[in-house]
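# Per-entry structural report
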Amino acid sequence: MASLENAAIILRLINSLHRKVTVTDLVEHLDMPKSSASRLLAQMKDLGLLEREDSTRAYGPGVIILELSRLVRETTTLSAQMQDALKRLTAQSGHTGYISVLEGRDIMVLHVQQGTQPLRVTTYPGHRSPSWATSTGRVLLARDSDADVAKRLGKQLPFISDNAPRTVQDVQALLQGVRESGYAVAINEAVPGVASISCAVSDPVSMERFAMCLSFPAAQADAASVQALAADLLAQASNLGRMVCDPAWGSPVPVTQV
């Protein structure tokens, strides 16, 4: 059992570092004795779980792992994978989570994952909100060019709230920051007293594009809390995005658990 646990830890390390690993990596990152690290990597190579690059002596995923990754990719939809990721996020944070898609100028909720905190912010599947005044909408809009965003939103935006963007140019300016950071934040915009943080993932094969978000009372949206939740969302979205080969999240990896 200990060997299986160590193998899983090594695979997760490869996933977290986004590269092949060496004996030195296991010593530095896992506090593992050098002799144990060398032996474990060699055993995993012998079993086909890892392959070693002769020039660097670094170990990466073996054929078995890559084949299993491909099987998961082919048999599990992006929506189902994102629901699993959202369950992990809501369990960790206690906040309610949503999966949404763009519908014209709006975003529409597809899935709700209830949180556990006493103060919950909840809407329901089918609920629509203006895309430009929500974190889910902006993180989805950010995947398109400014020209496509302008075409989708039209020339004028109806007034939503004092905190929401008023013009298409305001939206485009916000989207630039979303593209750079990988996430979007909305506080007291479409719904008074509500804050949310979102990331998006797109499947280039099925052409599905979803946003997942955590929603919570705006009173809890201090800078430190927002940054911590954003980091958790980015970790899940990055892992999921690389698994489905979303170019926005980099190269694919075989291990999906964060």
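Presented here is an overview of the structure given in this document. (Residues numbered from 1 in each chain as written. Predicted model: local features only at pLDDT ≥ 70, side-chain atom pairs only at ≥ 80, totals over all residues. Heavy atoms only, no water.)

### Things to note about the side chain of His 95
The criterion, for reference: Labels follow the DSSP assignment, with helices taken as runs of H or I lasting at least four residues and strands as runs of E lasting at least two, numbered in each case from the N terminus. Any pair of residues with heavy atoms lying within 4.5 Å of one another is described as a contacting pair.
Structurally, His 95 is set in the loop between helix H5 (78-93) and strand E3 (96-103). If sequence neighbours within four positions are ignored, His 95 has contacts with Thr 90, Gln 113, Gly 115, Gln 117, Leu 214, Ser 215, Phe 216, Gln 220 and Leu 229.

### Comments concerning helix H9 (residues 223-243)
Our working rule: For a helix, the expected span equals 1.5 Å multiplied by the number of residues minus one. When accessible area is computed with a 1.4 Å probe and restricted to protein chains, residues below 20% of their type maximum are described as buried, those above 50% as exposed, and intermediate ones as partly exposed.
Taking 1.5 Å per residue as the helical rise, H9 with its 21 residues ought to reach 30 Å, and the 30 Å between its terminal C-alpha atoms agrees with that figure. Among the residues making up H9, those that are buried are Val 226, Leu 229, Ala 230, Leu 233, Gln 236, Ala 237, Ser 238, Asn 239, Leu 240, Gly 241, Arg 242 and Met 243. Just downstream of H9 lies Cys 245, where phi reads positive at about 65°.

### Describing the environment of His 29
Here His 29 lies in helix H2 (residues 23-30). The spacing of His 29 and Arg 52 is 23 residues in sequence and 19 Å in space, taken between C-alpha atoms. Leave out the neighbours within four places in its chain, and His 29 touches Leu 13, Leu 17 and Arg 19.

### What about the nonpolar core?
The condition is simple: What is meant by a nonpolar core is a set of buried Ala, Val, Leu, Ile, Met, Phe, Trp, Tyr and Cys residues, joined one to another through side-chain atoms within 4.5 Å.
Membership of the largest hydrophobic core comes to 28 residues, with the highest contact counts inside it found for Met 82, Ile 197, Val 201, Met 212 and Leu 233. Broken down by secondary-structure element, the contributors of at least two residues to this core are H5, E3, strand E7 (194-202), strand E8 (209-217) and H9. Ranked by residues supplied to this core, first place goes to H9 with seven residues. What Met 82 contacts, discounting residues up to four positions off in sequence, is Ile 99, Val 201, Phe 210, Ala 211, Met 212 and Leu 240. Ranked by size, the runner-up nonpolar core spans 19 residues in total, among them Leu 141, Val 171, Val 178 and Ala 211.

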